[in-house]
Amino acid sequence: ANEEENTGNVKRELEKVFDLALKATVRNETDVRPLIAACTAKFGDYQCNNAMGLWSKIKGKGTEFKGPQPVGQAIMKNLPPSEMIESCSVAGPGFVNVVLSKNWMAKNIQKMLVDGIETWAPKLRVKKAVVDFSSPNIAKEMHVGHLRSTIIGDSLARMLEFSNVEVLRRNHVGDWGTQFGMLIEYLFEKFPNSEDANETAIGELQEFYRRSKNRFDSDPAFKERAQQAVVRLQSGEPKYHEAWAQICEISRKEFDKVYKRLRVDLEEKGESFYNPYIPGVIDELSKQGLVEESQGARVIFIEGVNIPLIIVKSDGGFNYASTDLAALWYRLNEEKAEWIIYVTDVGQQLHFDMVFSAAKRAGWLSADDSTYPKASHVGFGLVLGEDGKRLRTRFSEVVRLVDLLDEAKNRSKAVLIERGKDKEWTEEELEQTAEAVGYGAAKYFDLKNNRLTNYTFSFDQMLNDKGNTAVYLLYAHARICSIIRKSGKDIEELKKTGSLVLDHADERALGLHLLHFSEVIEEALTNLLPNVVCEYLYNLSEYFTRFYSNCQVVGSAEETSRLLLCEATATVMRKCFHLLGIVPVYKI
Ligand code: ARG
């Protein structure tokens, strides 16, 4: 038979089987899609939820069925034989509960161990995506909000990449706009000789920004020159362009330090890049009749929103929205991306809603969000201080990112030293572990919350080794690795020669959770929610703990199988860490 290959995604596999059963049950209904979900109750592992919906579709049409329950019975009876399924039952108004075959489960997990976790990657319809994330503004320092965007965006990009989507990781830095007039003018004033204006001389760019802003606000003559400078920069005068490039370069170096620490890859295409495309794009939109005049500005009206999207200001200048329209056009037409994802605070939601609506009206994006090309805004909430207010420090408006990372790392290192690791490990191992734990903890603490909710920042909670933290999970992973190491067995050999069984209830429960991996990642991607992966990872460690406390591994009759189950758990944990941008540790 022309059987499709097993995807490692249990839900998808069951959909294939139930699709046949549904077609055999109601021959006249052609557009019925199987509704399969993991069970929350104890009646089975998965359930098929089609009976009720089908019943309401067919009941007026002279069907032989007497209600949803018999429809469920018929679906069950029509299931083709499948080695996946151990048994089925029908409950309530026709839910078909499926108990998976534990042999099939075990075989699948072992197959993953041999062929690699990549075989469990979700299969998406999209080939190329843009993730627009981090995107700080030049001369203004990166702050905790940008940290959130960097961490969330990186995780989404990793999930897409794991799913074989080509991802353009875009840093849409704010490198264009009127603030450059005052920055350039201040630079000229401070360093009349351009050679002197280097990184060390300028120092903290944020401070430089503040001082030039003070000049701008207090001296009308300076203000006048700054406004002139914007015009001269935008008309491409070399001296102004060079000063601009110099300021950007200093900022870039600062940003890169953070990306390097976080091990985040990003490719900068700042706002300035799209500037030359704006007139053409506005032309195209105008030709389609989308652009109207309103109080001297050129705008696009959006249905259901009472303010229009301004795309040319009344002074003729372009703005954030003009740039975003040009960037969207470029990403769709030049870069041929099918899914464009923007990661910013929820405060920008209206802006993106309006830009996307305009693009739909222009026919750039599919009108229906379930098909491509599509754009998604990934909004996130605030980080609060322990006083419940937006996180700030005494010294600056926002907590400096680097300080935050330093502190996380230093605290982790102190704990490791307290545990005497400085005597066991080399200095390098100590550093690497402290960094993996510290930075991992900062990332996980952010990602584990639903991104839309505000969360309260706390070093103590973030670095707690008992709760739902990266510290706890990294330690759990390291412990599994040490169980395998200490067994003295060659795990690569066992993968090929040993065999995995799931006889004990706790082995089976752990195995079932492992098999949920692929569908969980798919769900996380569909809804753009990394916290779904965190929750899965945390539950995995709980299933493992239950298994490990009730099933002896080393020295038992089932040692080989149980070592393989340990290895499968560690493998899936590592992939979750990877998708969250966390570096695993192997010993602790
Ligand atoms: N620079 C903006 C900020 O700091 C974020 C840019 C997001 N991306 C975009 N295409 N608008 O708020």
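As the structure is a computational prediction, the values presented were derived from the model and not from experiment. (Residues numbered from 1 in each chain as written. Predicted model: local features only at pLDDT ≥ 70, side-chain atom pairs only at ≥ 80, totals over all residues. Heavy atoms only, no water.)

Participant: How would you explain the packing of helix α22 (residues 517-526) against helix α23 (residues 531-550) if you had to name every residue and give the values?
Facilitator: Two elements in contact, α22 and α23, have axes whose closest approach is 8 Å; the angle formed by their N-to-C orientations is 155°. Taken together, the axes of α22 and α23 lie roughly antiparallel to each other. Seen from α22, the contacting residues are F517, V520, I521, E523 and A524; seen from α23, they are V532, V533 and Y536. Class assignment of the residues belonging to the contact of α22 with α23 gives a composition of seven nonpolar, no polar and one charged. (Axes fitted to C-alpha atoms, helices over the stretch in contact; angles between N-to-C directions. Helix = DSSP H or I, 4+ residues; strand = E, 2+ residues; numbered from the N terminus. Parallel < 35°, antiparallel > 145°, perpendicular 65-115°, else oblique. Contact = heavy atoms within 4.5 Å. Nonpolar A, V, L, I, M, F, W, Y, C, P; charged D, E, K, R; others polar.)

Participant: Please give an account of the packing of aromatic side chains that cites residues and values.
Facilitator: Here a ring pair, both rings aromatic, is described through the centre-centre distance and the interplanar angle of the planes. Taken as a whole and assessed by the stated rule, the structure comprises 22 aromatic pairs. Aromatic side chains Y274 and Y330 sit 5.8 Å apart centroid to centroid with 75° between the ring planes, which places their arrangement in the edge-to-face category. On the criterion of sequence distance, the pair formed by Y274 in helix α11 (residues 271-274) and Y330 in helix α13 (residues 320-333) is long-range, its members being 56 residues apart. Here Y274 matches Y330 in class, with each residue buried. Taking 5.0 Å as the distance between ring centres and 85° as the angle between the ring planes, the aromatic pair formed by F457 and F459 counts as edge-to-face. Put simply, the rings of F273, Y274, Y277, W329 and Y330 pair up and form one aromatic cluster. Lying across the ring of F188, K239 places its NZ or CZ 4.3 Å from the centre. (Phe/Tyr/Trp six-rings, centres within 6.5 Å; stacked < 30°, edge-to-face > 60°. Buried < 20%, exposed > 50% of the residue type's maximum accessible area, 1.4 Å probe, protein only. Lys NZ or Arg CZ within 6 Å of the ring centre and 35° of its normal.)

Participant: Account for the pattern of salt bridges, naming residues and giving values.
Facilitator: A complete count under the given rule lists 48 salt bridges for this structure. Via salt bridges that share partners, E185, E189, R215, D219 and R225 belong to a single interconnected network. (Salt bridge = Lys/Arg side-chain N within 4 Å of Asp/Glu carboxyl O.)

Participant: Explain the packing of helix α4 (residues 102-115) against helix α24 (residues 559-580) to me, using residue names and the numbers behind them.
Facilitator: Interaxial distance between α4 and α24 falls to 10 Å at its minimum, and their mutual angle equals 65°. Pair α4 / α24 crosses with left-handed handedness. Residues I109, Q110, M112 and L113 of α4 lie in contact with α24, whose contacting residues are L564, E567, A568, T571 and V572. Residue composition of the contact of α4 with α24, by class: six nonpolar, two polar and one charged. (Left-handed = near helix turned anticlockwise from the far one by under 90°.)

Participant: Account for the side chain of S561, naming residues and giving values.
Facilitator: Examined against the element boundaries, S561 turns out to sit in helix α24. Residue classification places S561 among the buried positions, given a relative accessible area of 4%.

Participant: Account for the sheet that holds strand β7 (residues 267-268), naming residues and giving values.
Facilitator: As summarised here, the arrangement of the five strands in space is β7-β6-β5-β11-β12, forming an open sheet in which the pairing is parallel. What marks the edges here is a single partner per strand, and that holds for β7 and β12 (374-380). Pairing analysis gives two bridges linking strand β6 (residues 166-171) to β7, with the strands arranged parallel. Residue pairing across strands places N171 opposite E268, the latter belonging to β7. (Pairing = 2+ DSSP bridges.)

Participant: Before we move on, can you summarise the nonpolar core with the specific residues and values?
Facilitator: One recurring pattern in soluble globular proteins is that nonpolar side chains are buried together. Counting residues in hydrophobic clusters, the biggest one holds 163 residues, and the most contacted among them are L14, F517 and V572. Take this core: its biggest share by element is 12 residues, from α24. Mapped onto the domain boundaries, this core takes at least three residues apiece from domain 1 (10-100) and domain 2 (179-264). Counting 35 residues, the second largest nonpolar core, distinct from the first, contains V281, V312, A321 and F352. (Core = buried A, V, L, I, M, F, W, Y, C linked by side-chain atoms within 4.5 Å. Domains from an automatic or database assignment.)

Participant: Give a description of the site of the ligand that names residues and reports values.
Facilitator: Neighbouring the ligand are D132, S135, N137, H146, H172, Y320, D324, Y342, T344, Q348 and F352. One of the side-chain nitrogen or oxygen atoms of H172 is found 3.5 Å away from a nitrogen atom of the ligand. Between Q348 and the ligand, the recorded distance is 2.9 Å, taken from a side-chain N or O atom to an oxygen atom. Relative to its free-state accessible area of 350 Å², the ligand is covered by the protein chains to the extent of 90%. Taken together, the elements giving at least two residues each to the shell around the ligand come down to α13 and β11 (339-345). A breakdown of the residues in the shell around the ligand according to their chemical character gives three nonpolar, six polar and two charged. (Near = heavy atom within 4 Å. Polar contact = N/O pair within 3.5 Å; in protein donor to acceptor, adjacent residues only side chain to side chain. Areas by Shrake-Rupley, 256 points an atom, 1.4 Å probe, with all protein chains shown as cover.)

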